[in-house]
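Chain residues, written in single-letter form:
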Number of protein chains: 2
Amino acid sequence: MSNPLHFSVIRQCGQARTGVLRLPHAVVPTPTFMAVGTRGAVKACTMEQVARTGTRICLGNTFHLWLRPGADVVEGAGGLHEFTRWPHAMLTDSGGFQVFSLADINSVDEHGVTFKSPYDGARIELTPERSIGVQNQLGADIIMAFDECPPYPAEREVVVEAVERTTRWARRCLDAHARSDTQALFGIVQGGVHADLRARSADALKELDFPGYAVGGLSVGETQAQMELALGETTPHLPEGKPRYLMGVGKPTDLVRGVLRGVDMFDCVLPTRNARTGEVYLWPTGRLRLKHAEFKHDHRPIDPLCDCEACTQGVKRSWLRHLLKTGEIPALTLCSLHNLRYYQRLMERIRREIDAGTFHAFARDYLETWGEAPPAESSA
Amino acid sequence: MSNPLHFSVIRQCGQARTGVLRLPHAVVPTPTFMAVGTRGAVKACTMEQVARTGTRICLGNTFHLWLRPGADVVEGAGGLHEFTRWPHAMLTDSGGFQVFSLADINSVDEHGVTFKSPYDGARIELTPERSIGVQNQLGADIIMAFDECPPYPAEREVVVEAVERTTRWARRCLDAHARSDTQALFGIVQGGVHADLRARSADALKELDFPGYAVGGLSVGETQAQMELALGETTPHLPEGKPRYLMGVGKPTDLVRGVLRGVDMFDCVLPTRNARTGEVYLWPTGRLRLKHAEFKHDHRPIDPLCDCEACTQGVKRSWLRHLLKTGEIPALTLCSLHNLRYYQRLMERIRREIDAGTFHAFARDYLETWGEAPPAESSA
């Protein structure tokens, strides 16, 4: 049986590494940032526009797509790539995070989770088998195990239970996976902010020999130091030769910190969500809030040296501000594309710095000019 | 002093004609359909996307742009072309239509109109001089005289007054126009649905020797037969060698009927407004309402033979329906671009049929397959 995922580490620089991730629909240089397309579309952008930002993996959300339009619709279209006409690789999450964070939960037991649909109130059950079944129908290149995400903060005992159940569910996900020749299933490490539980979760999942591993349950309210600690205790327990995905993270500085800890893949709604409020990035370490009055007469592009769709067309801060203030959609589109391009440029730069062996100096400077604390020692 | 507008009629076919309209920022084959960019943006589209539909003239709205972001902002950016980065020609209306249809009017007298700003309630006065002054600041290729638009229906006496005042205001607009070397000022014919008043208005404005003429006050609630009659009594009174613009019209069949009466330019919000409700056109004479359940599993493009951005990318009806139902913006964008492209394809076809001398047969078939009455005799 063929393997849908091939990963090679190209160059190490401390824990940081560049690599190449070969998937059925794309060859992706890592570290990579993935765009979030919750309901089968990146908010305010066409898929063609997103592809032009350099994005090579787009996320779909199993929870949302399963409820609307339904996995049968997506499968009937020929899968999520064909349904959305996204030309590169896709990844679907398991629905675990959404069930635990968005849904009105009726019960959680060993079998799975029962909750009320936020769309029509229907009583629905999601189990490891069901999540994988739906993800098999959706057909993304990478699919995720169904995990139990403990709330933050949570008692240690609750996190211990979640880690153990996540491992048992991970095994059921592997057993349920019917398309392992075309879809790579990743395990998800839990363990909250407890170093020993992170290590325990990673070790247990490593035993199950997934083609890739994700770190879940971070960026949920813990401090940056807690996130860094939890991550630092996780990645050393994961196999060197397999891709590592830090879920739902994060700010540009979080990406740099994650790469320092050996992370290869990231996703976050931040670039597009911020864009829709008029918050845009300046290379390398700045940010504008375009709704502010100071931009009323500022006729410069967002960032004159940026190569995104908005900046290369000379789209003006003053025009974007006007459209943001009057609720006109093209500003949401163009700011989103600008921010997605910023994230891709950051990943390109990170890869170059790692390949040149200069990533730690870059990371230190980058965090410092953003006004952040330097990376913790162990990552150097 | 140079002339900002050159118009040549290329071929006549009854009253219908093709032509070339040379403007400072574009050479435009006519008959042409202009996209509406009310606040300096075509709703849900980037300017680059609109340009790719084949649109060569984009409208801006003096009333809205004057109030937000302010004519000084647009002028400071280098004018509306530069502010919006629209690469082709622009046209601004005078604000007359909006003042009379949208605003809370305090008074109308010979001097002008006083109304409350819909943005902040401020008391504002718009006069012919002010409208032209603002349009000079905005800097579009074509600007419009400030006219009095009578309501529909209105007493004949009210329409007579509006026609006479519109003529007096037209003269004041010509006098106030400070940039006649770079901006062409069009007069606007009023007269409601009264044939003799339309003729009187056109004759009076013809005396003033504008570089182009618009027909205003139609598509405001009158029947199709009334519109056709009013238009039929107007265009014969306008000079043959100058462009004629039917304001705010209309449905695809209205464009065909307008061309039959010798109209060269059209604008309407319909293609983009309909798109945002999921109503899209099929070539040549069909329409889909994409929110309907029948499209849930319909994985075809909107129109497989269409060359718009959505259809050439293979964007699916099922995906668009899903996004429309869940409120995702890319569907609004792609349906808008599809409909704008439909309108441009229709104008391209109309121009070819006129040049081939077969326009009347085409028009008859087109109206018939849409299930509409044939054009009135006088136009044949």
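If you're wondering where the values come from, they're calculated on a predicted model, not measured in any experiment.

Let us look at the overall build of chain A. Broken down by element type, chain A carries 14 helices and 16 strands. In terms of overall size, chain A behaves like a compact globule, its C-alpha atoms giving a radius of gyration of 20 Å where 380 residues would be expected to give roughly 21 Å. Burial analysis of chain A (380 residues in total) assigns 57% to the buried set. If you take every contact in chain A between residues at least 6 apart in sequence, the share linking residues at least 24 apart comes to 69%.

Once chain A is rotated about the relating axis by 180° and shifted along it by 0.0 Å, it coincides with chain B to within an RMSD of 0.0 Å. Taken together, the rotation and translation relating the two chain copies correspond to the operation of a two-fold axis. The C-alpha atom lying nearest the rotation axis in chain A is that of A:Ile329; the distance is 3.9 Å. A share of 100% of the interface residues of chain A reappears at the interface of chain B, consistent with the copies meeting face to face through the same patch.

What follows deals with the nonpolar core. One finds A:Phe186 and B:Phe186 to be the most contacted residues of the largest nonpolar core, which totals 226 residues. Apart from residues no more than four positions distant in its own chain, A:Phe186 is found in contact with A:Ile142, A:Met144, A:Ala145, A:Phe210, A:Gly212, A:Tyr213, A:Ala214 and A:Tyr245.

A few words on the interface of chain A and chain B. Counting from both sides, the interface comprises 35 residues of chain A and, opposite them, 35 residues of chain B. Contributions of two or more residues to the side of chain A that touches chain B are made by α2 (62-76), α3 (80-84), α12 (317-326) and α13 (329-355) of chain A. Ranked by residues supplied to the side of chain A that touches chain B, first place goes to α12(A) with 6 residues. Taken together, the residues that form the side of chain A that touches chain B break down as 14 nonpolar, 12 polar and 9 charged.

Okay, helix α9 (residues 252-260) of chain A next. All names here are of chain A. α9 sits mainly inside the fold: 9 of its 9 residues count as buried. When we look at burial in α9, the residues that qualify are Pro252, Thr253, Asp254, Leu255, Val256, Arg257, Gly258, Val259 and Leu260. A positive phi of about 90° marks Gly262, the residue just after α9.

This part takes up the pairing of strand β7 (residues 104-108) of chain B. Residues and elements named next belong to chain B. For β7, the buried fraction is low: 0 of the 5 residues fall into the buried class. Bridge count for β7 against strand β8 (residues 113-116) is 4 bridges, and the pairing is antiparallel. Across the sheet, Ile105 pairs through a bridge with Phe115, a residue of β8. Following β7, the chain reverses through 4 residues before pairing antiparallel with β8.

Another point: the domain arrangement of chain A. Residue and element names in this part refer to chain A. Segmentation of chain A into domains returns domain 1 (6-267) and domain 2 (275-371). Distance between the C-alpha centres of domain 1 and domain 2: 27 Å. Contacts between the two partners involve 26 residues from domain 1 and, on the opposite side, 26 residues from domain 2. Listed by contribution, the elements that provide at least two residues to the side of domain 1 that touches domain 2 are β1 (6-13), β2 (16-23), β4 (32-36), α1 (47-52) and α9. Of the residues contributing to the side of domain 1 that touches domain 2, the split by class is 14 nonpolar, 8 polar and 4 charged.

Residue and element names in this part refer to chain B. Spatially, β7-β8-β9 is the arrangement adopted by the 3 strands of the open sheet, whose pairing is antiparallel. Each having just a single partner strand, β7 and β9 (123-126) make up the two edges of the open sheet. Strand-to-strand twist in this sheet, taken as the mean axis angle between neighbours without regard to direction, amounts to 25°. In the sheet, β8 pairs with β9 via 4 bridges, with the strands oriented antiparallel.

With that settled, consider the packing of helix α7 (residues 195-207) of chain B against helix α8 (residues 224-234) of chain B. All names here are of chain B. The N-to-C vectors of α7 and α8 enclose an angle of 35°; their axes lie 8 Å apart at closest approach. Crossing geometry of α7 relative to α8 is assigned as right-handed. Along the contact surface, α7 presents Ala195, Arg198, Ala199 and Ala202, while α8 presents Leu229, Ala230, Glu233 and Thr234. Each residue belonging to the contact of α7 with α8 can be placed in one class, and the counts come to 5 nonpolar, 1 polar and 2 charged.

Here we come to the pairing of β2(A). Regular strands have side chains that alternate between both faces of the sheet. Residues and elements named next belong to chain A. β2 sits mainly inside the fold: 6 of its 8 residues count as buried. In this antiparallel pair of consecutive strands, β1 and β2, the connection spans 2 residues, and Gly14 shows a positive phi of 65°. Both β2 and strand β3 (residues 26-30) contribute to a ladder of 5 bridges, which runs antiparallel. If you follow Leu23 over to β3, its bridge partner there is Ala26. Where β2 folds back onto β3 in an antiparallel hairpin, the turn is made up of 2 residues.

In this structure, A:Gly78 sits in the loop between α2 and α3. What makes A:Gly78 exposed here is the crowd of 12 C-beta atoms within 10 Å.

Once that is clear, we can look at the sheet that holds strand β2 (residues 16-23) of chain B. Residue and element names in this part refer to chain B. Ordered by their spatial adjacency, 3 strands build an open sheet running β1-β2-β3, and the pairing between neighbours is antiparallel. The open sheet has two edge strands, β1 (6-13) and β3 (26-30), and neither has a second partner. Averaged over neighbouring strand pairs, the angle between their axes works out to 10° when direction is ignored. Sheet topology places β1 next to β2; 7 bridges connect them, and they run antiparallel. Looking across to β2, one finds that Phe7 is bridged to Leu21.

Before going further, it helps to spend a moment on unusual backbone geometry. Look at the link from A:Val249 to A:Gly250: it is a cis peptide, with omega at 0°. Following the sequence through the fold, A:Gly250 ends up in the loop between β13 (244-246) and α9. In this structure, the amide linkage connecting B:Trp283 to the following residue, B:Pro284, adopts the cis form with an omega of 0°. Here B:Pro284 shows up in the loop between β15 (279-282) and β16 (286-289). Phi at A:Arg85 takes a positive value of approximately 60°, unusual for a residue other than glycine.

Residues and elements named next belong to chain B. The interhelical angle for the contact between helix α2 (residues 62-77) and helix α5 (residues 128-138), taken along N-to-C directions, is 55°, at an axis separation of 9 Å. Overall, the two elements α2 and α5 adopt an arrangement that is oblique. Crossing angle aside, the handedness with which α2 passes α5 is left-handed. Along the contact surface, α2 presents Thr62, Leu65, Trp66, Ala71, Val74 and Glu75, while α5 presents Ser131, Val134, Gln135, Gln137 and Leu138.

Across chain A, pLDDT averages 96, with 99% of residues at or above 70. Scored as a whole, the predicted complex attains pTM 0.97, and scored at its interfaces, ipTM 0.97.

On to the environment of B:Leu270, then. All names here are of chain B. Among the structural elements, Leu270 can be located in helix α10 (residues 270-276). On the basis of neighbour counts, which here come to 20 C-beta atoms within 10 Å, the residue Leu270 falls in the buried class. Remark: the alpha-carbon pair of Leu270 and Asn339, spanning 69 residues in sequence, is separated by 8.9 Å.

Okay, the environment of A:Asn339 next. All names here are of chain A. Locating Asn339 in the fold gives a position in helix α13. By the C-beta count within 10 Å, which is 26 here, Asn339 ends up buried. For the pair formed by Asn339 and Ala16, sequence separation is 323 residues and the distance between their alpha carbons is 24 Å. Excluding residues within four positions of it along the chain, Asn339 makes contact with Pro271, Thr272, Asn274, Ala275, Val280 and Tyr281.

About the cut-offs
Residues numbered from 1 in each chain as written. Chains lettered and ligands numbered in written order. Predicted model: local features only at pLDDT ≥ 70, side-chain atom pairs only at ≥ 80, totals over all residues. Helix = DSSP H or I, 4+ residues; strand = E, 2+ residues; numbered from the N terminus. Rg over C-alpha atoms; globule rule 2.2 N^0.38 Å. Buried ≥ 20, exposed ≤ 12 C-beta atoms within 10 Å, placed from the backbone. Contact = placed C-beta atoms within 7 Å. Least-squares fit on C-alpha atoms with pLDDT ≥ 70 in both. Core = buried A, V, L, I, M, F, W, Y, C linked by C-beta atoms within 7 Å. Nonpolar A, V, L, I, M, F, W, Y, C, P; charged D, E, K, R; others polar. Pairing = 2+ DSSP bridges. Domains from an automatic or database assignment. Axes fitted to C-alpha atoms, helices over the stretch in contact; angles between N-to-C directions. Left-handed = near helix turned anticlockwise from the far one by under 90°. Parallel < 35°, antiparallel > 145°, perpendicular 65-115°, else oblique. pLDDT = per-residue confidence, 0-100.

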